[in-house]
Amino acid sequence: MSEARELEQLRQQIDSLDQQIQSLINQRARCAQQVAEVKHKYAQPGEPVVFYRPEREAQVLRNVMARNEGPLPNEGMARLFREIMSQCLALEEPLQVAYLGPEGTFTQQAAVKHFGHAVTCRSQISIADVFREVESGAAHYGVVPVENSTEGVVTHTHDSFFDSSLKICGEVALRIHHNLLVTTPDQKVERIYSHAQSLGQCRRWLDQHYPGIERIAVSSNAEAARRASKEEGSAAIASEAAAELYQLHTQAANIEDRPDNTTRFLIIGRQPTTPSGDDKTSVLIASRNQPGALYQVLEPFHKAGISLTRIETRPARSGTWSYVFFIDFEGHRDDASIAPVMEELRNIAVDFRWLGSYPKAVM
Ligand SMILES: C=C(O[C@@H]1C=C(C(=O)O)C=C[C@H]1O)C(=O)O
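Worth saying up front: this structure is predicted, and the values here are computed from it rather than measured. Position numbers for residues count from 1 along each chain, tracking the sequence in the order it is written. Side-chain atom pairs in this predicted model are given and counted only at pLDDT of 80 or more, local residue features only at pLDDT of at least 70, and totals for whole chains, interfaces and linings cover all residues. Computation of side-chain values: all heavy atoms of the structure, hydrogens and water removed.

**Student:** Can you tell me about the nonpolar core, naming the residues and giving the values?
**Tutor:** In this description, a nonpolar core means a group of buried Ala, Val, Leu, Ile, Met, Phe, Trp, Tyr and Cys residues linked to one another through side-chain atoms lying within 4.5 Å. Burial here depends on accessible area, computed with a 1.4 Å probe over protein chains only, as a share of the maximum for the residue type. Under 20% is buried, over 50% is exposed, and the range in between is partly exposed. With 22 residues, the main nonpolar core has Phe131, Phe161, Ile268 and Phe326 as its most contacted residues. Under the scheme used here, helices are H or I runs from DSSP no shorter than 4 residues and strands are E runs no shorter than 2 residues, and both carry numbers assigned from the N terminus. Only β1 (96-100), α5 (127-136), β3 (141-148), α6 (155-162), β11 (262-269), β12 (279-287), β14 (323-330) and β15 (351-359) provide two or more residues apiece to this core. Among the elements that take part in this core, α5 stands out by supplying four residues, more than any other. Where each domain starts and ends follows an automatic or database-derived domain assignment. Residue contributions to this core reach at least three from each of two domains, namely domain 2 (97-176) and domain 4 (272-359). The contact criterion used throughout is that any non-hydrogen atoms of two residues lie within 4.5 Å. In this structure, Phe131 is in contact with Val144, Thr157, Ser160, Phe161, Ser164, Leu166 and Ile268, ignoring residues within four places of it in sequence. In this structure, Phe106, Tyr141, Val172 and Phe265 belong to the second largest nonpolar core, which totals 20 residues.

**Student:** If you had to explain the sheet that holds β14 to someone new, which residues and values would you point to?
**Tutor:** With antiparallel pairing, four strands are arranged side by side in an open sheet as β13-β14-β12-β15. Two strands in the sheet have a free side with no partner beyond their single neighbour: β13 (308-315) and β15. Between one strand axis and the next, the sheet turns through 15° on average, direction left out of account. Paired strands, as defined in this entry, are two strands with at least two bridges between them according to DSSP. Two strands pair when backbone bridges link them, and β13 and β14 are joined in this way by seven bridges, in the antiparallel orientation. The residue bridging Arg310 from the neighbouring strand is Asp328, located in β14. Between N-to-C directions, angles cover 0 to 180 degrees, with each direction set by a line fitted to C-alpha atoms, over the stretch in contact for helices. Strands in contact with helix α12 (residues 339-348) are β12, β14 and β15; relative to β15, the strand with the most contacts, it is inclined by about 155°.

**Student:** Which residues make up the packing of aromatic side chains, and what values go with them?
**Tutor:** For Phe, Tyr and Trp, where Trp contributes only its six-membered ring, two rings pair if their centres lie within 6.5 Å, and the inter-plane angle classes them as stacked under 30 degrees, edge-to-face over 60, or tilted in between. Applying the stated criterion to the full structure yields seven aromatic pairs. With 5.8 Å between their ring centres and 40° between their planes, Trp205 and Tyr210 make a pair best called tilted. An identical accessibility class is assigned to Trp205 and Tyr210; each is buried. By the ring-pair criterion, three or more aromatic residues cluster together here, those being Tyr52, Phe115 and Tyr141. By definition, being over a ring means that NZ of Lys or CZ of Arg is both within 6 Å of the ring centre and within 35 degrees of the ring normal. Geometry around Trp354 places Arg333 over its ring, the cationic atom sitting 3.6 Å from the centre.

**Student:** Outline the sheet that holds strand β8 (residues 214-218), supporting the account with residue identities and numerical values.
**Tutor:** Sheets are built from strands that pair by backbone hydrogen bonding, the pairs being arranged parallel or antiparallel. The five strands are arranged β8-β7-β9-β6-β10 in an open sheet whose pairing can be described as mixed. Looking at strand neighbours, the two that pair on one side only are β8 and β10 (249-252), the edges of this open sheet. Ignoring strand direction, the axes of neighbouring strands in this sheet form an average angle of 35°. Across three bridges, strand β7 (residues 191-195) lies against strand β9 (residues 234-238) in parallel orientation. Paired with Arg191 across the two strands is Ser234, which belongs to β9. Of the strands in this sheet, β7, β8 and β9 are in contact with helix α9 (residues 221-230), which crosses β9 at around 155°.

**Student:** Run through the domain arrangement of the protein chain, naming residues and quoting values.
**Tutor:** You can read the domains of the protein chain as domain 1 (24-37 + 51-94), domain 2 (97-176), domain 3 (179-260) and domain 4 (272-359). Look at where the C-alpha atoms of domain 2 and domain 3 centre, and you get two points 22 Å apart. Around 1400 Å² of area is buried between domain 2 and domain 3 when both sides are counted, 51% of it from carbon and sulfur atoms. The working definition used for a salt bridge is a side-chain nitrogen of Lys or Arg within 4 Å of a carboxyl oxygen of Asp or Glu. For the interface between domain 2 and domain 3, the tally reads zero salt bridges. Under this definition, polar contacts are N or O atom pairs within 3.5 Å; protein pairs additionally need one hydrogen-donor-capable and one acceptor-capable atom, and for neighbouring residues in sequence, both atoms have to be side-chain atoms. Joining domain 2 to domain 3, the criterion identifies seven residue pairs in polar contact (both at pLDDT 80 or more). Elements that contribute at least two residues to the side of domain 2 that touches domain 3 include exactly α4 (106-115) and β4 (152-153). Split by residue class, the side of domain 2 that touches domain 3 holds six nonpolar, eight polar and three charged. Buried area counts how much accessible surface, traced with a 1.4 Å probe, disappears from two parts once they are put together, with both parts' losses summed. Gly counts as polar in this scheme, as do all residues outside two lists: the nonpolar Ala, Val, Leu, Ile, Met, Phe, Trp, Tyr, Cys and Pro, and the charged Asp, Glu, Lys and Arg.

**Student:** Quick rundown of the side chain of Thr107? Include the residues and the values.
**Tutor:** With respect to the helices and strands, Thr107 occurs in helix α4. In this structure Thr107 touches Tyr99, Leu100, Val143, Val144, Pro145 and Phe265, once residues within four positions along its chain are discounted.

Pasting the structure below:
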């Protein structure tokens, strides 16, 4: 048999499978439209209909990865279903998602990784503006950076929760690769722009390759790329997406000091989620400045055998109390094992806020 004949036979099989896949995806989309009708039917009078269900989407993606037999890798298969769900959800309600911009930031990449490509992403110039867009209803959800494995917490995000009623309804992690971007290859570099966190994540590389060159922190990596594209002698530390967006040349790739450099982002919204079966909860606890304050806060978790995944301390914003703890832990606030702990924390804290219970990042 000839190559052409063998290819033709296999391509006929692919065409037949594509037709079945396409038909099944449209059947699935029609089901999603019926789901939307049910959500409308049972919506509380005067309450907005909540179409996006992060707990259900996390379950779908977990099931996809659990039953995947290959040869496609689990994450690749999950990304395919991520896009199918994104298109199905868009039939129910086209989502508006605010993110820390401008275009080309890692936060934009995180928004697309979490929601898929069918949502409308709206760039905001600050983390506070992302919160405001969601609080005002101009956007359904927001995506903000919260911590990086090299540089630690993004304090603006933590501080924004002090004055906001928004809830965390999801999280997404992104491997961060930084590149040195210039307008022309091997150009003279007189200054380097980037977000403060990115400058910190590439500190050793910069010391080695550009000692003594001015490093200027700006509001985001994409803003850094925008400036480098317009200013003679300037370079930026930013992503490949920013390089494409601002037509910049990658002078050096993957310059981050740590190969496992990862940033975690939070999805913020106005509605709480229900348990997905593998969740986290975030709380804000303020306690008085007294000996054993931290022990008193942590003891209820220890007694209940609850695993903490993160604890951060922020300066108090008034003289009333000195320590504010942001704590993430395993479990959903509606879990039987969690409710008593939340009640005990309310009783011992000067101020206690439940910031949200949400599915753990799946991809
Ligand atoms: C179909 C639903 O609506 C949305 C779409 C989903 C999907 O395509 O699987 C899952 C959850 C929701 O965000 C649902 O709630 O089940």
